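Per-entry structural report
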Amino acid sequence: MQVKVFTFSKPYFSWSWKIDPLEVELNIANWLRSNPNIKIFSIQHNAVATFWYPTQLFVTVYYE
């Protein structure tokens with residue numbers, strides 16, 4: 001089994017700390033398009049948000 005981790009965040013000095021869902025979708029779709037013969041076992045996501053730092057999103061794909 002192999003693991004692919006996608007990370008998304010915004011710079012500390014940005015107008016908004018919101019993560020763009022289109023960016024998440026495009027990055028994952030491009031990776032899936034370039035790896036058409038994989039078998040995905042699990043997809044998990046974790047968001048880390050604090051008052052002082054921008055939100056970070058981690059998407060983990062377990063595949064073979």
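Residues numbered from 1 in each chain as written. Predicted model: local features only at pLDDT ≥ 70, side-chain atom pairs only at ≥ 80, totals over all residues. Heavy atoms only, no water.

**Regarding the overall build of the protein chain**
Heads up, the rule is: The helix count covers DSSP runs of H or I at least four residues long, the strand count covers runs of E at least two residues long, and both are numbered beginning at the N terminus. Atoms counted for the radius of gyration: C-alpha only. Globule rule: 2.2 Å times residue count to the power 0.38.
Check the secondary structure of the protein chain and you find 1 helix and 3 strands. Starting at the N terminus, the α and β elements of the protein chain follow one another as β-α-β-β. Relative to a compact globule of 64 residues, whose C-alpha radius of gyration would be 11 Å, the protein chain shows 13 Å and is clearly more extended. The C-alpha extent of the protein chain, read off along each of the three principal axes, is 40 × 20 × 10 Å.

**Regarding the environment of V59**
To be explicit about the condition: Contact between two residues is taken to exist if any of their heavy atoms lie within 4.5 Å; hydrogens are not considered.
Counting through the fold element by element, V59 comes out in strand 3 (residues 56-63). Note: C-alpha distance between V59 and F13 (46 residues apart in sequence) is 23 Å. Once residues within four sequence positions are removed from consideration, V59 is found in contact with K4, V5, F6, F8, I28, I43, Q44 and H45.

**Topic: the sheet that holds strand 1 (residues 2-9)**
Let me state the cut-off plainly: Paired strands, in this sense, are two strands between which DSSP finds at least two bridges. Axes, fitted as lines to C-alpha atoms, cover a helix only where it is in contact. Angles between the N-to-C directions of the axes lie from 0 to 180 degrees.
In spatial order, the strands read 1-3-2; together these 3 strands make up an open sheet with antiparallel pairing. The strands lining the two open edges of the sheet, one partner per strand, are strand 1 and strand 2 (40-48). Neighbouring strand axes in the sheet, compared pairwise and without regard to direction, differ in orientation by 15 degrees on average. Relative to strand 3, strand 2 is paired through 8 bridges, and the arrangement is antiparallel. Within strand 3, the position partnered with A47 by the bridge is L57. Here helix 1 (residues 21-34) sits on the sheet in contact with strand 1, strand 2 and strand 3, set at roughly 155 degrees to strand 1.

**Some remarks on the nonpolar core**
As a reminder of what qualifies: We define a nonpolar core as any set of buried Ala, Val, Leu, Ile, Met, Phe, Trp, Tyr and Cys residues linked to one another through side-chain atoms lying within 4.5 Å. Relative accessibility thresholds used throughout: buried, under 20% of the residue-type maximum; exposed, over 50%; partly exposed, between the two (1.4 Å probe, protein chains only).
Among the nonpolar cores identified, the biggest contains 9 residues, and these are F6, F8, V24, I28, W31, L57, V59, V61 and Y63. For this core, the elements supplying multiple residues, two or more each, are strand 1, helix 1 and strand 3. Considering every element that reaches this core, the biggest residue donor is strand 3, with 4 residues. In contact with Y63, not counting residues within four places along its chain, are M1, Q2, V3, K4, W31, I38, K39, I40 and F41.

**Details of helix 1**
Test applied: What a helix is expected to span follows from its residue count: subtract one and scale by 1.5 Å. What the arc covers is the set of directions going from the helix axis to the C-beta atoms. Each polar contact in these results corresponds to two N or O atoms within 3.5 Å; when the atoms are within protein, one needs to be able to donate a hydrogen and the other to accept it, and residues that are neighboring in sequence are counted only if both atoms are side-chain atoms.
Across its 14 residues, helix 1 extends 20 Å between first and last C-alpha, which sits within 8% of the 20 Å expected from 1.5 Å per residue. Within the span of helix 1, buried status applies to V24, I28 and W31. Burial along helix 1 is one-sided: seen end-on, the buried residues are contained in an arc of 60 degrees. Turned more than 90 degrees away from the buried face of helix 1, the exposed residues are E25, R33 and S34. As for helix 1, its buried residues are in contact with strand 1 and strand 3. The opening residue of helix 1, the one whose side-chain oxygen lies 3.2 Å from the backbone nitrogen of L22, is D20.

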